[in-house]
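# Structure at a glance
Next come the chains, spelled out residue by residue.
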Amino acid sequence: MPFDPPAAGRHVVRGACPHDCPDTCAMLVTVEDGRAIAIRGDPAHPPTQGRLCTKVARYLDRTYSPQRLRHPLRRTGRKGEGRFERITWDEALDTIAGRLGAIARAHGPEAILPYSYAGTMGLLQYGSMDRRFFHRLGASLLDRTICATAGKAGWTSVIGAAVGMDVERFAESRLILIWGSNAIASNLHFWTRAQEAKRRGARLVAIDPYRSPTAAKCHEHVAPMPGTDAALAYAMMHVLVRDGLVDRDYVDRYTLGFDELAARAAEWTPARAAATCRIPQAQIERLARAYGTTRPAAIRVNYGMQRHAGGGNAMRAIACLPALVGAWRDPAGGALLSSSGTYPIDVAALERPDLVRGAPRTINMSAIGDALVAAQPPVHAIFVYNSNPVAVAPESARVVRGFARDDLFVVVHDLFQTDTADFADILLPATSQLEHFDLHASYGHLHLQVNRPSIAPLGEALPNTEVFRRLARRMGFDEPCFADDDEAIARSALRGDDPRLAGIDLDRLLRDGFARLALPERYAPFAQGAFPTPSGRCEFVSPSLRAQGCDPLPAVVLPRESPLSNAALAARYPLAMISPPSRNFLNSSFAHLPAFLAEAGTPALLLHPDDAAARGIADGMPVRIANDRGSFLAQAQVTADARPGVVVAPSVWWRKLAPGGENANAVTSQALTDLGRAATFYDCLVEVAPA
Ligand SMILES: Nc1nc2c(c(=O)[nH]1)N[C@H]1C(S)=C(S)[C@@H](COP(=O)(O)OP(=O)(O)OC[C@H]3O[C@@H](n4cnc5c(=O)[nH]c(N)nc54)[C@H](O)[C@@H]3O)O[C@H]1N2
Ligand SMILES: Nc1nc2c(c(=O)[nH]1)N[C@H]1C(S)=C(S)[C@@H](COP(=O)(O)OP(=O)(O)OC[C@H]3O[C@@H](n4cnc5c(=O)[nH]c(N)nc54)[C@H](O)[C@@H]3O)O[C@H]1N2
Ligand SMILES: [Mo]
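Everything in this summary refers to the structure shown in the same document. Here the residue numbering is sequential within each chain, running from 1 through the sequence in written order. Chains and ligands are labelled by the order in which they are written, letters from A for the one and numbers from 1 for the other. Note on the predicted model: pLDDT of at least 70 is required for a residue's local features to be given, and 80 or more for side-chain atom pairs to be given and counted; whole-chain, interface and lining totals, by contrast, use all residues. Hydrogens and water molecules were not included; the side-chain quantities draw on all heavy atoms of the structure.

This next bit is on the overall build of the protein chain. Within the protein chain, the regular secondary structure consists of 25 helices and 27 strands. Over its C-alpha atoms the protein chain spans a radius of gyration of 25 Å, differing by no more than 12% from the 26 Å that the globule rule assigns to 691 residues. Oriented by its inertia axes, the alpha-carbon framework of the protein chain measures out at about 70 × 60 × 50 Å. Classification of residues uses two cut-offs on accessible area relative to the type maximum, computed with a 1.4 Å probe and protein chains only: under 20% is buried, over 50% is exposed, and between them is partly exposed. Residues classed as buried in the protein chain amount to 63% of the 691 residues present. In these tables, accessible area is a Shrake-Rupley quantity obtained with a 1.4 Å probe, and a residue counts as shielded only by the protein chains included in the view. Accessible surface for the protein chain amounts to roughly 23,200 Å². Of this, 52% is attributable to carbon and sulfur atoms. Charge assignment: positive for Lys and Arg, negative for Asp and Glu; neither His nor the chain ends contribute. For charged residues, the charge sits on one atom: NZ in Lys, CZ in Arg, CG in Asp, CD in Glu. Taking the average location of the 75 positive side-chain charges in the protein chain and that of its 71 negative ones, the two points are 2 Å from each other. Labels follow the DSSP assignment, with helices taken as runs of H or I lasting at least four residues and strands as runs of E lasting at least two, numbered in each case from the N terminus. Based on C-alpha atoms, the radius of gyration is set beside the globule rule, defined as 2.2 Å times the residue count to the power 0.38.

Here you go:
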């Protein structure tokens, strides 16, 4: 390995948090004689400000957990039972290479499917040698849609790229709309900026069907029904146009399609939107007037609002707002969804799509249940890493049925024996962030970072890059890129000719740990237009979506499952369920460690006192949450934090650790969003009854 951890003595090693979170904190790991003894946030890293979240502050518990997998294992029990015996790496890799080779010869390599997401966000361990391996093999491609692609497609159609405000500047905003984001749980280092703005007199408004811990701390909470944000955004535009609060100069210079947008907004009176969103009309008027009259005004929009049938279009509608009022003129105005598109990362050098053999099909990870049960031609092997689909993918019954197939060869590479690992034929031990090298971009700030290994791998654990390097050798892949070490991969990832990397290279990152992209200190990406769209303007009207047969304007697409769109279904299942992340878990990561489980307690279902009373449910009672797809158990928490008609199931619990062996994904749907082919976790009608 090119980056060996220090063996003896006391050292502080620079790391980066690998988890799927916008904050990508810089970490300082203290090691003594080869053992990590302390971890803290780097005070010198501006986004981190020396503070780690409650989960990663205890990363050493995760790293040294007695539950870590330390050796390769082979299944001895039935699929799903979770019984294994120890084997060597040679046996494991020979078995995998043998089975994949045989399946490719018998059925074609398309019968093999990689399945990975963001267990680690490091550029190398997230997607490099693994992608090269599956491309060269000719395996089915995976459409990685489980989290963000609807919002990204919607945002990009208007703005041009995943680029937005610098998170640091929110501290200077005068009005902040926190839209579909429980920042205290999922974006802590933005929240500290919002708090700073609040201390300086800014007004904070949360837009969320649920009075989340974040919403509870804002000045105002607007609680629309799930999946109705486009109607709310249009009603705000209606008021802005009606009351002459549009920045005509900005609109004329830098936007496309204002007249069409204004005509559509004219249809969305506040009264109409109030009925769709089920919120007071006066609240919409007040929100729109505040947004149109306060400078600078900022929007932190996050992914919670896009997990619905119309999530892509809802993001389009929201993305139009800052340009309408000229908010982008100021570094502390505008909006932020993701900053990932600011980084000049050479993804093709990492993943080598040029190696793809033939023209393999693409399988959508958000509908993995259907793919494993019914894809034609069938999937005969699945290789899971950086993900726990049996817990996190929608419609568990189908997912479990797929993974339980006796004729499916399942490989799982993870740090722990997850719900998915229980179905593995071969289970491989993965390194933690303290044990491998990586390079990190971020989707919430503007710094590049490296993560140096601080300790040697535990047991026989191996990093993702090394597993696929060894497998490539066994499969006889002799292209030179399969011999790249991690340093070579990291160097290839940085597009040195891009001005945003001026003065930044791997050597500097290795020396300093991090570097902010070469952007102006008071970065205001669209102060003078220059949107990275085809027209160079903010595209209220999208010629490219029009060409694809989509609505050229943001459309109001109602949820697939709601009283307004499907009255017959709503008569049987009248409650809309959302299942956003619990503060103590990171998706399903950490959800098996004793300290975190102790804090999270038991799976809960928050419901409004009126909805509880109508069903004879009292606080603390066990309840069953059900629809046609399945059911799961939780403990009722009767609270006005859940608005009437909406229930909240904090997630993602491991199925095997939840009462009844099911989690919220027992009832969620595999249906996809309007744009971006993404999952619709929060578009889900249920009924609740005492258990
Ligand atoms: N502690 C913790 N942090 C995390 C994660 C975690 O699991 N735990 N997960 C990470 C990952 S992978 C992601 S993608 C992000 C997710 O974090 P966010 O992007 O913040 O998204 P969610 O937590 O899914 O939802 C945020 C809020 O949106 C609300 N919401 C749901 N439906 C709607 C709607 O239709 N309209 C509006 N306006 N609001 C709605 C939810 O009630 C929730 O309070 O967080 C990351 N950070
Ligand atoms: N009901 C409901 N379901 C949801 C969501 C929701 O809000 N509600 N959120 C959805 C969202 S936004 C997302 S992003 C997905 C997330 O789903 P996943 O990406 O599957 O995330 P995790 O559940 O955290 O599982 C990641 C796994 O990767 C492993 N891992 C970590 N580092 C490494 C490594 O270096 N190598 C290997 N091989 N493995 C590693 C971890 O131990 C963990 O088991 O879940 C989705 N599912
Ligand atoms: Mo996510």
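Having seen the structure, we can now continue with the description.
What follows covers the pattern of salt bridges. The term salt bridge refers to a side-chain nitrogen of Lys or Arg lying within 4 Å of a carboxyl oxygen of Asp or Glu. Across all of its chains, the model carries 52 salt bridges by this definition. With a closest N to O distance of 2.7 Å, Arg242 and Glu285 form a salt bridge. Of this pair, Arg242 sits in helix α9 (residues 229-242) while Glu285 sits in helix α13 (residues 281-293), placing them 43 residues apart in sequence. Here Arg242 falls in the partly exposed class, since its relative accessible area comes to 43%. In this structure, Arg655 engages Glu662 in a salt bridge whose closest nitrogen and oxygen atoms are separated by 2.8 Å. Given a relative accessible area of 13%, Arg655 falls into the buried group. When its relative accessible area of 26% is taken as the criterion, Glu662 is described as partly exposed. Each of the salt bridges in this network shares a partner with another, and the network as a whole consists of Arg242, Asp243, Glu285 and Arg289.

This next bit is on the side chain of Ser454. Mapped onto the elements, Ser454 comes out in the loop between β19 (447-451) and α19 (464-474). Judged by its relative accessible area of 1%, Ser454 is buried. Apart from residues lying up to four places away in sequence, Ser454 is in contact with Pro5, Pro6, Val13, Val29, Val31 and Leu434. Contacts are assigned to residue pairs that have any heavy atoms within 4.5 Å of one another.

Cis rather than trans, the peptide bond between Arg295 and Pro296 has omega equal to -15°. On the secondary structure map, Pro296 appears in the loop between α13 and β12 (297-301). At the junction of Ser651 and Val652, the peptide bond is cis and its omega measures out at 0° in the coordinates. Note on placement: Val652 falls in the loop between β26 (646-648) and β27 (685-690). The phi dihedral of Asn386 is positive, around 55°, even though this residue is not glycine. Here Asn386 shows up in the loop between β15 (381-385) and α17 (389-392). Although it is not a glycine, Ala530 sits at a positive phi angle of roughly 55°.

Structurally, Ser65 is set in the loop between α1 (59-63) and β4 (73-75). You can call Ser65 buried: its relative accessible area is 4%. Excluding anything up to four places from it in sequence, Ser65 contacts Leu60, Arg70, Phe416 and Leu593.

For two strands to be treated as a pair, DSSP must find no fewer than two bridges joining them. One open sheet holds the 3 strands; their spatial order is β1-β2-β3, and the pairing between them is antiparallel. Edge positions in the sheet fall to β1 (10-16) and β3 (35-41), since each has one partner strand and no second. Across this sheet, the average inter-strand angle for adjacent strands is 25°, counted without regard to direction. Every axis corresponds to a line fitted to the C-alpha atoms, with the helix fit spanning only the stretch in contact, and the corresponding angles, defined between N-to-C directions, vary from 0 to 180 degrees.

The next subject is the packing of helix α4 (residues 129-137) against α19. Viewed as axis vectors pointing N to C, α4 and α19 meet at an angle of 30°, and their least axial separation amounts to 8 Å. Compared by their axis directions, α4 and α19 come out roughly parallel. The interaxial crossing formed by α4 with α19 has left-handed handedness. In this structure, α4 contributes Met129, Asp130, Phe133 and Phe134 to the contact, and α19 contributes Thr465, Phe468, Arg469, Leu471 and Ala472. Tallied by class, the residues present in the contact of α4 with α19 amount to 6 nonpolar, 1 polar and 2 charged. Our angle categories are set so that under 35 degrees counts as roughly parallel, over 145 as roughly antiparallel, 65 to 115 as roughly perpendicular, and the remainder as oblique. Left-handed is the label given to a crossing in which the near helix is rotated counterclockwise from the far helix by less than a right angle, and right-handed is the label when the rotation is clockwise. In this classification, Asp, Glu, Lys and Arg are treated as charged, Ala, Val, Leu, Ile, Met, Phe, Trp, Tyr, Cys and Pro as nonpolar, and every other residue, Gly included, as polar.

Geometry only, nothing functional implied.
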